[in-house]
Amino acid sequence: PDTTVPKREGEKLKQILEKYPEKYNLSNFWVLDKVCKNVDHCANHLSNLAEYKYRLCSFFASLFDLSLDLCLSPAKDTGHGKDKEAESADSEKGKAEKTEKLI
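The present account deals with the structure reproduced in this document. These numbers were taken from a predicted model, which means no experiment stands behind them.

Reading the values: the criteria
- Residues numbered from 1 in each chain as written.
- Predicted model: local features only at pLDDT ≥ 70, side-chain atom pairs only at ≥ 80, totals over all residues.
- Heavy atoms only, no water.
- Phe/Tyr/Trp six-rings, centres within 6.5 Å; stacked < 30°, edge-to-face > 60°.
- Buried < 20%, exposed > 50% of the residue type's maximum accessible area, 1.4 Å probe, protein only.
- Helix = DSSP H or I, 4+ residues; strand = E, 2+ residues; numbered from the N terminus.
- Contact = heavy atoms within 4.5 Å.
- 1 Å grid on protein atoms, 1.4 Å probe; cavity = no way out; pocket = protein on both sides within 12 Å on 5 of 7 lines; lining within 4 Å.
- Points joined across faces, edges and corners; volume = space filled by probe spheres on them.
- Nonpolar A, V, L, I, M, F, W, Y, C, P; charged D, E, K, R; others polar.
- Patch = residues over 30% accessible without salt bridge, like charges linked within 9 Å, V, L, I, M, F, W, Y side chains within 5 Å.
- Areas by Shrake-Rupley, 256 points an atom, 1.4 Å probe, with all protein chains shown as cover.
- Salt bridge = Lys/Arg side-chain N within 4 Å of Asp/Glu carboxyl O.

### Topic: the packing of aromatic side chains
With the rule as written, the count across this model stands at two aromatic pairs. Ring centres of Phe59 and Phe60 lie 4.9 Å apart, and the angle between their planes is 80°; on these two criteria the pair is classed as edge-to-face. The partly exposed category is assigned to Phe60, whose relative accessible area is 38%. Both rings, one in Phe60 and one in Phe64, keep their centres 6.3 Å apart while their planes meet at 15°; by these two values the pair is stacked. By relative accessible area, Phe64 is classed as exposed at 54%. Here the aromatic cluster, defined as three or more aromatic residues joined through ring pairs, consists of Phe59, Phe60 and Phe64.

This is how it looks when you write it as structure tokens:
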């Protein structure tokens, strides 16, 4: 649990903002209350990196009317911007290049 800002504070803010739907769209309101390496405040981007990146990308993609295809789903994201297939392909390409240099 967050010892700096209790979870209930976020819920209170949500209740206030929901009173003004013409100004605020809370369709992606996301509350987590996790600890990451002894950090318990603002740790969502650390404890759930792939999900955080996907939500951030989805938000900006919709904001700028871009395709969600630009955003890796959390299931495919390794946390470093490439899915596992792309990393495997890069790894195989690197091995092939090293082999060619040896020959």
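### Here's the deal with the side chain of Asn48
Its location among the elements puts Asn48 in the loop between helix H2 (44-47) and helix H3 (49-63). By relative accessible area, Asn48 is classed as buried at 19%. Setting aside residues no more than four positions away along its own chain, Asn48 makes contact with Trp30, Leu32 and Lys34.

### Let's talk about the layout of surface pockets
In this structure, the largest pocket occupies an estimated 480 Å³ of space. Around the largest pocket sit 14 residues that line it, and Asn28, Phe29, Trp30, Arg55 and Phe59 are the ones nearest its centre. Split into classes, the residues belonging to the lining of the largest pocket amount to eight nonpolar, five polar and one charged. What lines the second largest pocket is a set of 17 residues, among which Asp2, Trp30, Val31, Leu32 and Asn44 lie closest to the centre. No other element matches the three residues that helix H1 (residues 7-17) contributes to the lining of the second largest pocket.

### Re a nonpolar patch on the surface
A cluster of nonpolar side chains, Tyr52, Leu56, Phe59, Phe60, Leu63, Phe64, Leu66 and Leu70, forms an exposed patch at the surface whose accessible area comes to about 790 Å². Its place among the elements puts Leu66 in the loop between H3 and helix H4 (84-102). Leu66 sits in the partly exposed class, given a relative accessible area of 46%.

### Quick notes on the environment of Leu49
Along the chain, the position of Leu49 falls in helix H3. What makes Leu49 partly exposed here is its relative accessible area of 34%. Here the alpha-carbon distance between Leu49 and Pro74, two residues 25 residues apart in the chain, equals 8.5 Å.

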